[in-house]
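# A structural walkthrough
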Amino acid sequence: MPPQKLSGKPEELAAFIDKFDIFLFDCDGVLWQGASLLPRTAETIAHLRSLGKQLLFVTNNSTKSRTTYQAKLQGLGIPCGINEIFCSAYSSAIYISRVLRLQRDKRVYVIGESGIKEELATEGVAYISDDGGDITPEDYDSFGPDEDVGVVLCGLDHAISYRKLARAYQYLRNPGTVFLATNIDSTFPTHGKLFPGAGAMSAPLTYMTGRTPVSLGKPSQAMMDAIEGVLEFDRKRACMVGDRLDTDIRFGIEGGLGGTLAVLTGVSTEEEILEEGATVVPDAYLDRLCDILG
Ligand SMILES: O=C(O)[C@H](O)[C@H](O)COP(=O)(O)O
Ligand SMILES: [Mg+2]
């Protein structure tokens, strides 16, 4: 069934909204682009809250922790609770501490930003990272596999460097070191354009090692496990709202959610959504999230 473009008819929009008790919102490309909130987003969120809908914010962006996202949302006029926020830094920390049950004497080597480090610390997981300066002859001598490094975790890192990758590669030469990625989005939508995504950070390591990381962000259901570890909800009454087919919409479909809604303010285009034979198809789509207000 081709996806339905929701028209502005109030009765049609109300009928769509009525099908769901809970909305899972992607962030980059849906609520905002970088630090800029997309038009009438706060009003849309307030409207859905006024209808008694439960709202969750589910982002693959690992650069911030849930606490930092709460401050960002509130700073943009979207009050929310910490238990309404799920980021890939959190789902990764949960996976390492509660699924992998990383031994206390092992550490995680992090390529990424403060979000990952804060969430690992919250879970009591020890980590190391690299300041990323220029590699030196001493580094070539000292870098090597390390039994104490139990995991290499890769996320979006705006200060990625040869040195950080070189160190990660050496750790991953030890087959006992687990290779994880917070997410593998190929691109990152900001300022109305696309830039390298978290997947572009781990891809060089896959190219060098032939190893593929386990990804803990959408579409991986590890993110759903992280959500359901905090709250129970009826998946059939839930709608995933996203800007990216291969992460957000696939996450909703593979998670057995009641519905998926795509918006055209981020990565995926209308052509991709309507493409003949497309494997990941949303139930409906809108030009912008606020169009749901009619
Ligand atoms: O490269 C990335 O990490 C992603 O582009 C980015 O984080 C996506 O975030 P989301 O759209 O899931 O909020
Ligand atoms: Mg997005």
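Rules behind the numbers
Residues numbered from 1 in each chain as written. Chains lettered and ligands numbered in written order. Predicted model: local features only at pLDDT ≥ 70, side-chain atom pairs only at ≥ 80, totals over all residues. Heavy atoms only, no water. pLDDT = per-residue confidence, 0-100. UniProt positions renumbered as here; feature names shortened; annotations may be inferred. Helix = DSSP H or I, 4+ residues; strand = E, 2+ residues; numbered from the N terminus. Buried < 20%, exposed > 50% of the residue type's maximum accessible area, 1.4 Å probe, protein only. Contact = heavy atoms within 4.5 Å. Phe/Tyr/Trp six-rings, centres within 6.5 Å; stacked < 30°, edge-to-face > 60°. Lys NZ or Arg CZ within 6 Å of the ring centre and 35° of its normal. Axes fitted to C-alpha atoms, helices over the stretch in contact; angles between N-to-C directions. Parallel < 35°, antiparallel > 145°, perpendicular 65-115°, else oblique. Left-handed = near helix turned anticlockwise from the far one by under 90°. Nonpolar A, V, L, I, M, F, W, Y, C, P; charged D, E, K, R; others polar. Near = heavy atom within 4 Å. Polar contact = N/O pair within 3.5 Å; in protein donor to acceptor, adjacent residues only side chain to side chain. Areas by Shrake-Rupley, 256 points an atom, 1.4 Å probe, with all protein chains shown as cover.

As recorded by an unreviewed UniProt entry, the protein chain carries the name 4-nitrophenylphosphatase and is attributed to Tuber melanosporum.

Averaged over all residues, the pLDDT of the protein chain equals 97, while 100% of them reach at least 70. Among the scores for the predicted complex, ipTM is 0.99 and pTM is 0.97.

Let's shift gears to the UniProt feature "binding site: substrate" (unreviewed entry) in the protein chain. The feature "binding site: substrate" (unreviewed entry), as annotated in UniProt, sits at Lys218 in this numbering. Considering the arrangement of structural elements, one finds Lys218 in the loop between strand 13 (214-215) and helix 9 (222-228). Its relative accessible area of 1% is what places Lys218 among the buried residues. Sequence-distant contacts of Lys218, that is, excluding residues within four places in its chain, are made with Asp26, Val58, Thr59, Asn60, Met223, Met240, Thr247, Asp248 and Phe251.

Here the structure, examined in full by the defined rule, presents seven aromatic pairs. An angle of 15° between the planes, with centres 6.2 Å apart, marks the rings of Phe23 and Phe25 as stacked. Phe25 matches Phe23 in its accessibility class, with the two residues each being buried. When the ring of Tyr109 is compared with that of Tyr171, the centres are 5.1 Å apart and the planes differ by 65°; the resulting orientation is edge-to-face. Here the residue Tyr109 occupies a position in strand 7 (residues 107-111), and Tyr171 occupies one in helix 7 (residues 162-172), the gap between them amounting to 62 residues. The buried category is assigned to Tyr109, whose relative accessible area is 0%. Members of the aromatic cluster, joined through ring pairs, are Phe16, Phe20, Phe23, Phe25 and Phe57. Looking at Lys72, its charged tip hangs above the ring of Trp32, at a distance of 3.9 Å from the centre.

Pairs of packed helices are described in terms of their axes, by the angle between the two and the distance that separates them. Their axes nearest at 10 Å, the elements helix 7 and helix 8 (residues 199-209) cross at an angle of 45°. With respect to helix 8, the element helix 7 is oriented oblique. The chirality of how helix 7 crosses helix 8 is right-handed. Contact residues: Leu165, Ala168, Tyr169 and Leu172 in helix 7; Met201, Pro204, Leu205, Met208 and Thr209 in helix 8. Within the contact of helix 7 with helix 8, the residues separate by chemical class into eight nonpolar, one polar and no charged.

The next point concerns the site of ligand 1. Taken together, 16 residues sit near ligand 1, with Asp26, Thr59, Asn60, Thr187 and Ala198 positioned nearest. Take Ala198: an N or O atom from its main chain is 2.7 Å from an oxygen atom of ligand 1. The side chain of Lys218 places a nitrogen or oxygen atom 2.9 Å from an oxygen atom of ligand 1. Contact with the protein chains hides 98% of the accessible area of ligand 1, taken as 350 Å² for the molecule alone. Looking at the shell around ligand 1 element by element, the count peaks at three residues for strand 11 (residues 187-190). Among the residues making up the shell around ligand 1, the classes are represented as five nonpolar, six polar and five charged.

Turning next to the UniProt feature "active site" (unreviewed entry) in the protein chain. Per the UniProt record, "active site" (unreviewed entry) is annotated on Asp26 and Asp28. Among the secondary structure elements, Asp26 is positioned in the loop between strand 2 (22-25) and strand 3 (32-33). Those residues in contact with Asp26 that lie beyond four places of it in its chain are Leu31, Val58, Thr59, Lys218, Met240, Val241, Gly242, Asp243 and Asp248. Among the polar contacts listed, one links the side chain of Asp26 to the side chain of Lys218, at a separation of 2.5 Å. The residue Asp28 is located in the loop between strand 2 and strand 3 in this model. Each residue touching Asp28, except ones within four places of it in the same chain, is listed here: Thr59, Asn61, Phe188, Pro189 and Asp243.

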